[in-house]
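Survey of secondary and tertiary structure
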Amino acid sequence: MCPRCGGVGWLRRDVPIGHAEFGQPVLCPCKATELKQQRLDRLFAISRLGDHLRDMTFDSFLSRDIPYDAGAVGADWDREETFRSLKRAVSTARHYAADPQGWLVFLGDFGCGKTHLAVAIANERIGRAEPALFQVVPDLLDHLRATFAPNSPVTYDELFEEVRSAPLLVLDDLGAQGSSPWADEKLFQIINHRYNHRLPTVITTNLPLDRHQPRLASRMTDMGPLVFIKAPDFRGGLAPNRALSGKMPPSLRGRMAGR
Ligand SMILES: [Zn+2]
């Protein structure tokens, strides 16, 4: 029970009779905190992030181990190049999350961390009580198709408009969708609308630009920045090596602090 308001949530201003604010209720700090949490919960619910993505923050990105150990992973990955690439990507993502303007496109192989950074941007915005919408592209197209079912809880137009006009949209895994004239057109309509209206949009993709529809690739190039992440698979590629070497690889945070 709140000692200030006794659980009512409102306080009365201690002002003399005749004062303009006499008798007017004021929000108790306990209620203000509760309302803020409700707003964050609501923003989170409409973001479609899902509980499993809630922990993908910049902090959790920085505490991950860098998945290489000198000489153990193979000659394909250069330590310094990987580090520089990740550092640049984190810094760009953080800057964007503070004030999303234009687009941010992450390109890189499976497991390089681009989805984590894109989700971290969405989580950061929600933490600042700003809306963000997360959509995995193949799932989005499935959902749009599913709205044509007679029992769909949402109409095609409602879903399409929600995605097309979201204040901040994260499109994860662009290029992983099956190609069909219908899917290509719907995706183009969404992306082109956001392009024409300069709406903040974060895109991740495994595909190089020249493997996308040319009209999408040209818009991504136009609205960039394009952030190429060059890093090995974070999702377990090093486990055997770690066991072998018996020591933990450094975290990105540790590496950043060391410079
Ligand atoms: Zn109170």
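As shown above, the structure is provided for reference.
Residues numbered from 1 in each chain as written. Predicted model: local features only at pLDDT ≥ 70, side-chain atom pairs only at ≥ 80, totals over all residues. Heavy atoms only, no water.

**Brief notes about the pattern of salt bridges**
Where we set the bar: Each reported salt bridge corresponds to a side-chain nitrogen of Lys or Arg within 4 Å of a carboxyl oxygen of Asp or Glu. Under the DSSP-based scheme used, a helix requires at least four consecutive residues in state H or I and a strand at least two consecutive residues in state E, with every element numbered from the N terminus. Residue exposure (1.4 Å probe, protein chains only): buried if accessible area is under 20% of the type maximum, exposed if over 50%, otherwise partly exposed.
Tallying each qualifying case throughout the model produces eight salt bridges. One salt bridge connects Arg-54 with Asp-41, and the closest N-O pair in it is separated by 3.9 Å. Remark: Asp-41 occurs in helix α1 (residues 29-47) and Arg-54 occurs in the loop between α1 and α2 (58-62); sequence separation between them is 13 residues. For Arg-54, a relative accessible area of 36% translates into the label partly exposed. A relative accessible area of 38% places Asp-41 in the partly exposed class. Across the salt bridge formed by Arg-164 and Glu-161, the nearest N and O atoms sit 3.0 Å from each other. Remark: Glu-161 and Arg-164 occur in helix α6 (residues 156-164); sequence separation between them is three residues, near one turn of the helix. In this structure Glu-161 comes out as partly exposed when scored by relative accessible area, which is 35%.

**A word on the sheet that holds strand β6 (residues 201-205)**
Stated precisely, the cut-off is as follows: What makes two strands pair is DSSP finding at least two bridges between them. All axes are obtained by fitting lines to C-alpha atoms, using only the stretch in contact for helices, and the reported angles, taken between N-to-C directions, cover 0 to 180 degrees. It only takes one pair of heavy atoms within 4.5 Å for two residues to be counted as in contact.
Sheet architecture is open: five strands sit in the order β4-β5-β6-β3-β7, paired in parallel fashion. Either end of the sheet is taken by a strand with one partner, and the two such strands are β4 (133-136) and β7 (226-228). The sheet shows a mean angle of 15° between the axes of neighbouring strands, taken without regard to direction. Note that β4 and strand β5 (residues 169-172) share four bridges and pair parallel. Of the residues in β5, the one forming a bridge with Gln-135 is Leu-171. Where helix α5 (residues 137-146) meets the sheet, its contacts fall on β4 and β5, and the angle it forms with β4 comes to roughly 90°.

**A few points about the coordination of the zinc ion**
The following threshold applies: Here the term donor refers to an N, O or S atom within 2.8 Å of the metal (or 3.2 Å for Na, K and Ca), and because water is left out of the atoms, sites may appear incomplete. Donor angles set the geometry label: tetrahedral for four donors if every angle is between 85 and 135 degrees, square planar for four and octahedral for six if opposite donors exceed 155 degrees and the others are between 65 and 115, irregular for anything else.
Bound to the zinc ion on the protein side are Cys-2 (SG), Cys-5 (SG), Cys-28 (SG) and Cys-30 (SG), at distances that span 2.2 to 2.3 Å. In this structure, the zinc ion is surrounded by four donor atoms whose angles at the metal cover 104 to 115°, and the resulting shape is tetrahedral. We note that the donor set of the zinc ion lies within a single chain, spaced as C-x2-C-x22-C-x1-C. Here Cys-2, found in the segment before β1 (10-12), pairs with Cys-28, found in the loop between β2 (25-27) and α1; they are 26 residues apart in sequence, far enough to count as distant.

**A word on the nonpolar core**
The test is simple: For this analysis, a nonpolar core means a set of buried residues of the types Ala, Val, Leu, Ile, Met, Phe, Trp, Tyr and Cys, connected via side-chain atoms within 4.5 Å.
In this structure, Leu-49, Phe-106, Leu-117, Ile-121, Val-202 and Ile-229 are the most contacted members of the largest nonpolar core, which totals 35 residues. Mapped onto this core, the elements with two or more residues apiece are α1, α2, α3 (79-98), β3 (103-107) and α4 (114-127). Dropping the residues within four chain positions of it, Ile-229 is found in contact with Ser-85, Leu-86, Ala-89, Phe-106, Leu-107, Gly-108, Cys-112, Lys-114 and Leu-117.

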